Structures are given as structure tokens and as C-alpha cells.
Amino acid sequence: MAVSRLSYAIEAGSLALPDIGDIAVFRPAAGCDISALDKDRVEIIQGCYPDHHSFQARGYRVALSAGAQYGAAVVFLPRSKVLAKVLILNALAVTGGGPVIIDGQKTDGADSVLRDCRKRGAQIGDVISKAHGKIFTISGGDFSDWKVGEKTLIKGGFQTSAGVFSMDAVDKGSAALVAALPGQLKGRVADLGAGWGYLSHHVLQCEGLREIHLIEAEHDALNCARINITDPRAQFHWADALTFNGGGEFDHVVCNPPFHTGRAGDPALGRGFIGAAASLLARHGILWLVANRHLPYEQALSDAFHEVKEIAGDGSFKVFRAAKPRREKRK
Ligand SMILES: C[S@@+](CC[C@H](N)C(=O)[O-])C[C@H]1O[C@@H](n2cnc3c(N)ncnc32)[C@H](O)[C@@H]1O
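Keep in mind that what you see is a predicted model, and the values were worked out from it rather than measured. (Residues numbered from 1 in each chain as written. Predicted model: local features only at pLDDT ≥ 70, side-chain atom pairs only at ≥ 80, totals over all residues.)

Enquirer: Mind showing me how you'd approach the sheet that holds strand S17 (residues 281-292) here?
Expert: Two modes of strand pairing occur in sheets, parallel and antiparallel, and in both the strands are linked by backbone hydrogen bonds. The strand order S13-S12-S11-S14-S17-S19-S18 describes an open sheet built from seven strands, whose pairing is mixed. Since the sheet does not close on itself, it has two edges, and those belong to strand S13 (234-238) and strand S18 (305-313), each with one partner. Put simply, the sheet's adjacent strands are angled 20 degrees from each other on average, direction ignored. (Pairing = 2+ DSSP bridges. Helix = DSSP H or I, 4+ residues; strand = E, 2+ residues; numbered from the N terminus. Axes fitted to C-alpha atoms, helices over the stretch in contact; angles between N-to-C directions.)

Quick look at the structure:
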């Protein structure tokens, strides 16, 4: 494995870490190498289910939110700028003003975060540029103008929170899927990658629905869904859609699959969702899926279903109805 930016900078002596106190590590992705940090002092703060459980499996202490006091913190920059601000503010708060190590790709805004920290008078240690990204330490500074609300109320009266998918407005693709759904969806329905609950909210208005299961990896998004949906037929699962065991077969799956892993577009994740949907559905079950027009899901759909039809769409989106799943059922 290539030496991570964090290991490189620590081994080069460019990052000053205190000798005592726990180290809060915010949002490291599953494969992330943090071996240069003393494992006994590390607490991972991670709300994304697969990443959370990957660190747990590696023997780390893992939490959903930070505790009160740490000697230092590391923030791995997420794609969302708003979430980056929330994490950096949180890291500064729980370390009493630092030191906070910030590690990020250029494409995740590492340069602009560095500029923003300088503008706010933070003391900045060595800045290491490596592997298309930057790592540096900040302490102090006046970040009061960054106080972003962690929760937002958007048009339609839905609650969202910093960094969740479609935090500012309903996603156009999801709206296209809702418009194409039939008025009746009978039985047991799964919403794979449910986010803050937009699709489920609409599916609950369909005739004949018995229960809907919202499966979502991001803990914050699922918490918003719990606020947005109070119907007792809804059940909420903080889980990885790729490994979720539905506790029985589903009659329908609705899905606007994720198409990013970190900053990079990743249709493999969406294809994984299609396979997961097929294996969760009963023989008569139907998948209703929306995707950006350019994403290549047709092959995955026909590998997983006998009948695939594009039922709606425009230049930006395509909506599919896929029936008669081919996949083996999950054990
Ligand atoms: C394109 S968004 C759709 C969200 C919501 N259904 C909507 O229509 O607004 C995809 C969602 O899948 C979630 N997600 C990503 N990877 C996941 C995984 N492995 N398991 C479950 N959910 C995942 C993301 O956090 C995101 O909320």
C-alpha cells in the first residue's frame, strides 16, 4: 500500500501531535491508512455505515459523534464544503482550539480550506503537498462566521442536514422517479439509499402499501428521515444497502442509487445497488430506479432482471422499471 499523506507527514516530523490525550479522527474512509497514529489514543468519528464498521473491524474505537475533549484531531475533508466546515468547527471545539490536522484532496477543496483557515487567522504549521492533496495543522483562529446550521428546513418542509445528499432542495432525478411511479405500490417496499426520506415520503402515499423500509448508510441522513417521516409503516435501517438483509422478500424497491465514492464518480456502487435490489425482491417484485442519463446501468439491469424498461426520462435522467429478478436470494 502507498504511504498515506498522514503517515508521510508524521514520519517527516511535519505534524506536531501532543504526547498525551486522545485523538479524534473525523470521517476517514474505510481503506484509509492512519497507522502512524497511536491506535490506543485514536477515536474514529464516522457516521457512514461501511466506513464506521470497517474501522470497528480493524479494532479501533469508533463513535457517531465526538466526545467532549481530545488532545488533537484529524479531519479528512469530505466532498461537501458545508460538512467540511462543520467537521473543522467541531474538531476545533473538542480540542480547545487545536491542534487540528486537515488532510484532503485538491478535488475536495484542500487548497481553498487552507486559504480560508489563513484568512481566519489560524496558525498554520508546515503544509505538505502530496498525492494530489494537502495536509497541514491549524490552531486557533476566529471561525465565528463559519457557524453553519447543522440542520436545514428546505422547500416542502423537509429537514436535511449538513453534507447529506440534496441538502438544499429535492433532487431532480428523485422527483422524476416519483412522477413516474404508479399510484399503487402494494405490500412491502424497500427504499435503498433512502437519504432524508424523499422517495419514501411519496411512496407512503401510494395505495396498498403495507410497510416501507428505509435503508441508508449515512447516520445523519437517516436521522433526518426519521424527522421527515412519522408514519408507523416506516422502518429505518442504518445499514449498507449492499449487504442489507431485508428480513423477508420485498414487493418493490425504489432507488436513486449513489454514484460517488468520495469525489470520484463510481457507477460500480450503483451497479451494486441494482444487484442488491434484485436479491431483496420476491420473484414478482419490481425495481423502480432513476439514474443520471450518462450512467451505464443498462447492462447491470439486464444481468439482474429478465424484464427492463425505460419508462420515463429526459436529457438528464432515465427512469427504469425492472421486473422478474434473476439473482439468487440472500441467505
Ligand atoms: C442519490 S442519493 C438518493 C437519496 C434519496 N433516496 C433521495 O432520493 O433523495 C443516494 C443515497 O445513498 C446513500 N448511500 C451511499 N452508499 C450507501 C450504501 N452502501 N448503503 C446505503 N446507502 C448508501 C447516500 O448516503 C445517499 O443518501
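Enquirer: How should I be thinking about the site of the ligand in this particular structure?
Expert: Looking at the ligand, there are 20 residues lining it, with Ser174, Gly193, Gly195, Ala217 and Ala241 nearest. Among the elements of the structure, helix H6 (198-203) and strand S12 (207-216) are those that each provide at least two residues to the shell around the ligand. A class-by-class count of the residues in the shell around the ligand yields eleven nonpolar, five polar and four charged. (Near = placed C-beta within 6 Å. Nonpolar A, V, L, I, M, F, W, Y, C, P; charged D, E, K, R; others polar.)

Enquirer: Even after reading the chapter, I still don't get the domain arrangement of the chain, so can you show me in this structure?
Expert: Bring the parts together and some accessible area is lost; that lost area is often taken as the interface size. Assigned domains of the chain: these are domain 1 (5-146) and domain 2 (151-325). With centres defined by C-alpha atoms, the gap from domain 1 to domain 2 works out at 32 Å. Domain 1 puts 15 residues into the contact, and the matching count from domain 2 is twelve residues. Elements that contribute at least two residues to the side of domain 1 that touches domain 2 include exactly helix H2 (49-57) and helix H3 (81-94). (Domains from an automatic or database assignment. Contact = placed C-beta atoms within 7 Å.)

Enquirer: Where do I start with H3 in this structure?
Expert: Side chains three or four residues apart in an α-helix point the same way, a direct result of the helix having 3.6 residues per turn. Spanning 14 residues, H3 covers 20 Å between terminal C-alpha atoms, matching the ideal 20 Å at 1.5 Å per step. Every buried residue of H3 is accounted for by Leu83, Ala84, Val86, Leu87, Ile88, Ala91, Leu92 and Val94. In this structure, the buried residues of H3 make contact with strand S1 (23-26), strand S4 (72-76), strand S5 (100-105) and helix H4 (110-119). Gly96 sits one or two residues past H3 and shows a positive phi near 60 degrees. (Expected span 1.5 Å × (residues − 1). Buried ≥ 20, exposed ≤ 12 C-beta atoms within 10 Å, placed from the backbone.)

Enquirer: Which parts of the structure should I look at to understand unusual backbone geometry?
Expert: Trans is the common state for peptide bonds, and a negative phi is the common state for residues other than glycine. For the bond from Gly98 to Pro99, the omega torsion is 5 degrees, close enough to zero to count as cis. Within the secondary structure, Pro99 sits in the loop between H3 and S5. One non-glycine residue with positive phi stands out, namely Arg27, at about 55 degrees. Positionally, Arg27 belongs in the loop between S1 and strand S2 (42-45).

Enquirer: Whenever I open this one, the nonpolar core confuses me. Can you help?
Expert: A general tendency of soluble globular proteins is for nonpolar side chains to be buried together. If you look at the biggest cluster of nonpolar residues, it comprises 96 residues, and the most contacted ones within it are Ala73, Val75 and Ala277. A per-element tally of this core places H3 first, with eight residues. (Core = buried A, V, L, I, M, F, W, Y, C linked by C-beta atoms within 7 Å.)

Enquirer: Explain the environment of Leu222 here, please?
Expert: Here Leu222 shows up in helix H7 (residues 219-228). The buried category is assigned to Leu222, around which 23 C-beta atoms lie within 10 Å. With 63 residues separating them along the chain, Leu222 and Gln159 place their C-alpha atoms 11 Å apart. Not counting residues up to four positions away in its chain, the partners in contact with Leu222 are Leu214, Glu216, Phe236 and Trp238.

Enquirer: I would appreciate a short explanation of helix H5 (residues 172-180) in the present structure.
Expert: Every buried residue of H5 is accounted for by Gly173, Ser174, Leu177 and Val178. The arc that holds every buried residue of H5, seen down its axis, measures 140 degrees, which confines them to one face. Those residues of H5 hidden inside the fold are in contact with H6, strand S14 (250-255), S17 and strand S19 (317-325). (Arc of directions from axis to C-beta.)

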